[in-house]
Amino acid sequence: MGSILVAAVLTTACGGASDPGAPTVAASDATDSPFVLTDQTNELYEGFIDCDPLPDGVDEAPPAEMVLPDGMVITDLTEVGPLISATGFVDATPIDLRDAFVERDDVEVVHLEDEGFEAEILIDGGSTRTYIKASIRCRTGSVVQVLLGPDDEAQALPVPGQAAGGTTPQPPTD
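Summary of the structure given here. (Residues numbered from 1 in each chain as written. Predicted model: local features only at pLDDT ≥ 70, side-chain atom pairs only at ≥ 80, totals over all residues. Heavy atoms only, no water.)

## Some points on the overall build of the protein chain
Counting its regular elements, the protein chain contains three helices and six strands. Starting at the N terminus and ending at the C terminus, the protein chain contains elements arranged as α-α-β-β-α-β-β-β-β. Counting all 174 residues of the protein chain, 44% fall into the buried class. Just so you have it, the protein chain exposes about 8,900 Å², and 50% of that area is on carbon and sulfur atoms. (Helix = DSSP H or I, 4+ residues; strand = E, 2+ residues; numbered from the N terminus. Buried < 20%, exposed > 50% of the residue type's maximum accessible area, 1.4 Å probe, protein only. Areas by Shrake-Rupley, 256 points an atom, 1.4 Å probe, with all protein chains shown as cover.)

## Observations concerning the side chain of Gln 145
Position of Gln 145 relative to the elements: it lies in strand β6 (residues 141-150). Relative accessible area serves as the criterion here: at 3%, Gln 145 is assigned to the buried category. Separated by 2.4 Å, the side chains of Gln 145 and Ser 85 make a polar contact. A polar contact is formed between the side chain of Gln 145 and the side chain of Thr 87, at a distance of 2.9 Å. (Polar contact = N/O pair within 3.5 Å; in protein donor to acceptor, adjacent residues only side chain to side chain.)

## Let's talk about the packing of aromatic side chains
Taken as a whole and assessed by the stated rule, the structure comprises one aromatic pair. For the ring pair Phe 48 and Phe 117, a centre distance of 5.5 Å and an interplane angle of 50 degrees mean the geometry is tilted. Separated by 69 residues along the polypeptide, Phe 48 in the loop between α2 (39-46) and β1 (73-80) and Phe 117 in the loop between β3 (108-114) and β4 (118-124) bring together distant segments of the chain. Phe 117 gets classed as partly exposed once you look at its relative accessible area, which sits at 28%. (Phe/Tyr/Trp six-rings, centres within 6.5 Å; stacked < 30°, edge-to-face > 60°.)

## Digging into the pairing of β3
Walk down a regular strand and you will see the side chains alternate between the two sheet faces. Pairing geometry for β3 and β4, over six bridges, is antiparallel. Considered in β4, the bridge of His 111 is made with Leu 122. (Pairing = 2+ DSSP bridges.)

## Points about the sheet that holds β4
The pairing of strands in a sheet comes from backbone hydrogen bonds and takes either a parallel or an antiparallel form. Strand order in the open sheet formed by six strands is β1-β2-β6-β5-β4-β3, and the pairing between neighbours is antiparallel. Edge positions in the open sheet fall to β1 and β3, since each of these has one partner strand only. Averaged over neighbouring strand pairs, the angle between their axes works out to 15 degrees when direction is ignored. Bridging between β4 and strand β5 (residues 128-138) involves seven bridges; their strand directions are antiparallel. In the strand pairing of β5, Glu 120 is matched with Lys 133. (Axes fitted to C-alpha atoms, helices over the stretch in contact; angles between N-to-C directions.)

## Regarding the pairing of strand β2 (residues 83-90)
Burial within β2 is extensive, with seven of its eight residues counted as buried. Judged from the seven bridges that link them, β1 and β2 form a sheet pairing that is antiparallel. By the bridge assignment, Val 80 is partnered in β2 with Leu 83. Counted along the chain from β1 to the antiparallel partner β2, the turn is two residues long, and its residue Gly 81 has a positive phi close to 60 degrees. Pairing geometry for β2 and β6, over seven bridges, is antiparallel. Each bridged residue has a counterpart across the sheet, and for Ala 86 the counterpart in β6 is Val 146.

## Section: the environment of Val 90
Mapped onto the fold, Val 90 is located in strand β2. Separated by 44 residues in the primary sequence, Val 90 and Ala 134 place their C-alpha atoms 8.8 Å from one another. Contacts of Val 90, omitting those with residues within four sequence positions, involve Pro 69, Asp 70, Gly 71, Met 72, Leu 97, Thr 140, Gly 141, Ser 142 and Val 144. (Contact = heavy atoms within 4.5 Å.)

Have a look at this one:
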């Protein structure tokens, strides 16, 4: 099942427009992340193609308990066994998303992992868990896969960094 979901994410195209003069958001030193944005990393992102306009989203609304990145356009919403899957795009890099979720007061991030061009986040919602995977697709945009599952089916969700050792999220310091 995981291979099918990953394949669905990787076959989807990214969108989003960016302001090339806008400042780049740096990742916080407060996390234990092995990846911190530097000028060299910013140059690596510059090697990606420009983003196309965001695609149209689906007419269906996701469940209220599904935690989504701000601005995510959902292009596919389906049930996969006990899970609900949302695939789409966001005009942000994986590192931007990681930092945004760590800073949010309304969610509890229980695991995260980032590798610069990909970030995975697991959020505890009380009776549910939400898994988010963002992969860079164009200079300032990411394709995003979100899985929502009931807490009693948590084993059906991937765990960020399970193989490589994820980090405990720490809020960024200013």
